[in-house]
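# Analysis of the macromolecular model
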Amino acid sequence: NHLGIRSSMASRQPFTDTDTADEAVRATCDDATICKRFATSKGYWKDPYIQYFVRSVGERKAPEINRGYYARVQGVNFLLDAFLKKTQCNCQVINLGAGLDTTFWRLKDNNLMPQKFFEVDFPTIVSRKIHYIKTKPPLSKPIIETHSTDSLLLDAHNLDSDRYCIIGADLRNISDMEEKLKKFQLNTELPTLVLTECVLVYMTPSQSSGLIRWVAETFHTAMFINYEQKERFLRSGWEHASALDMITVYSMLPQVDVGRIERLEFLDEGELLQQLLQHYSISWATKDKLRLGKVLCFFLQLLDLIYA
């Protein structure tokens, strides 16, 4: 019935520019997961859990893309693991725009679990992730193993266990996000690491500054890791901020492992990789009321970038 089809279409709300932009941002979640799936299939790093979020390895990715993801993943993990070790895991982690990230399972396997690991993303992405978790025992079993109380919340847009929480929320609506986090036992007194790998770049400057300022004002001891620039942190209430471009990160990673991954694939144009890595950086900021201080991690101590 052509009339019925037209009526149905007319009754739907038209897409706004914001809707279209948000859809494009959500698509980056799949792009990143697919790239990571391919890189791990080639042996760049181990991730036994990503296969449950991406069905197939997919088409071949360029070697420089694989090496770029390797440097990014290793660099972020370096900082995250150092924070967990320095706080002896008496802390919490909030991954904003987490997508289909598998960090919770990696930390569980490595006995580096914080008191609680929070993830926040668009409700549509969260509902997909929760579906995968519910239907894949290798994903759900570690969550159950870290949960001791009777009540485990699992609905379309939220998962809340003792140690792992996934929340569907829009990061641009800070009050709504904060309300949901506190509902699921966010503890503002605990040292807190906030991770935003590739989120702030998709927000307006005022939206991203508001988010950074909220973290600075909410937690007295915190670290913020971001796959972008550092200046906005210093304008938003953080005590210290530092950054390294990815070519520097790549050069600082354990050279035995770098040599291993460079033998995985032949790289025809080394200049392309150099240009790619120079274009990105990992930045981090700290507030340090508890004086985690100078030995936050070897990675930072080596460069003496945070504390003189």
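Only a predicted model underlies this, so the values are computations on that prediction, with no experimental measurement involved.

Attention shifts here to the pairing of strand β9 (residues 281–288). Most of β9 sits out of view: eight of its eight residues are buried. Both faces of β9 are covered, namely the face carrying S281, S283, A285 and K287 and the face carrying I282, W284, T286 and D288. The sheet contact formed by strand β7 (residues 221–226) and β9 spans six bridges and is antiparallel. Residue pairing for β9: N226 is matched across the bridge by S283. As paired strands, strand β8 (residues 240–245) and β9 are joined by six bridges and run antiparallel to one another. Across the sheet, H240 pairs through a bridge with T286, a residue of β9.

Quick look at unusual backbone geometry now. For Q88, which is not a glycine, the phi torsion comes out positive at approximately 55°. For Q88, the position within the fold is in the loop between α3 (63–86) and β1 (92–96). The backbone of C89 sits at a positive phi, close to 65°, despite the residue not being glycine. A relative accessible area of 13% means that C89 is categorised as buried.

Per the UniProt record, "binding site: S-adenosyl-L-methionine" (unreviewed entry) is annotated on R72, G97, D170, L171 and E197. Summarising the element assignment, D170 is placed in the loop between β5 (164–168) and α7 (174–183). Note on D170: relative accessible area 25%, which makes it partly exposed. Engagement of the side chain of D170 in a polar contact is seen with the side chain of R172, the distance being 2.7 Å. On the secondary structure map, L171 appears in the loop between β5 and α7.

A few words on the sheet that holds β5. Reading across the sheet, the nine strands line up as β3-β4-β5-β2-β1-β6-β7-β9-β8 and stay open at both edges, with mixed pairing between neighbours. In this open sheet, the two strands that pair with only one neighbour each are β3 (153–154) and β8. Two elements, β3 and strand β4 (residues 158–160), share two bridges in a ladder whose sense is antiparallel. Note that in β4 the partner of L154 across the bridge is L159.

Another point: a nonpolar patch on the surface. Taken together, I144, L152 and L154 make up a surface patch of nonpolar side chains, about 250 Å² in accessible area. Mapped onto the elements, L154 comes out in strand β3.

Structurally, the position occupied by D101 is in the loop between β1 and α4 (103–109). In terms of polar contacts, D101 uses its side chain to reach the side chain of N95, at 3.4 Å.

The next point concerns the pattern of salt bridges. For the structure shown, the criterion picks out twelve salt bridges. A salt bridge links R106 to D81, with the shortest nitrogen-to-oxygen separation between them at 2.8 Å. Taken together, the residues span a long stretch of sequence, with R106 in helix α4 and D81 in helix α3 at a distance of 25 residues. For the residue pair R106 and D81, the accessibility class agrees, reading buried in each case.

What counts and what doesn't
Residues numbered from 1 in each chain as written. Predicted model: local features only at pLDDT ≥ 70, side-chain atom pairs only at ≥ 80, totals over all residues. Heavy atoms only, no water. Buried < 20%, exposed > 50% of the residue type's maximum accessible area, 1.4 Å probe, protein only. Helix = DSSP H or I, 4+ residues; strand = E, 2+ residues; numbered from the N terminus. Pairing = 2+ DSSP bridges. UniProt positions renumbered as here; feature names shortened; annotations may be inferred. Polar contact = N/O pair within 3.5 Å; in protein donor to acceptor, adjacent residues only side chain to side chain. Patch = residues over 30% accessible without salt bridge, like charges linked within 9 Å, V, L, I, M, F, W, Y side chains within 5 Å. Areas by Shrake-Rupley, 256 points an atom, 1.4 Å probe, with all protein chains shown as cover. Salt bridge = Lys/Arg side-chain N within 4 Å of Asp/Glu carboxyl O.

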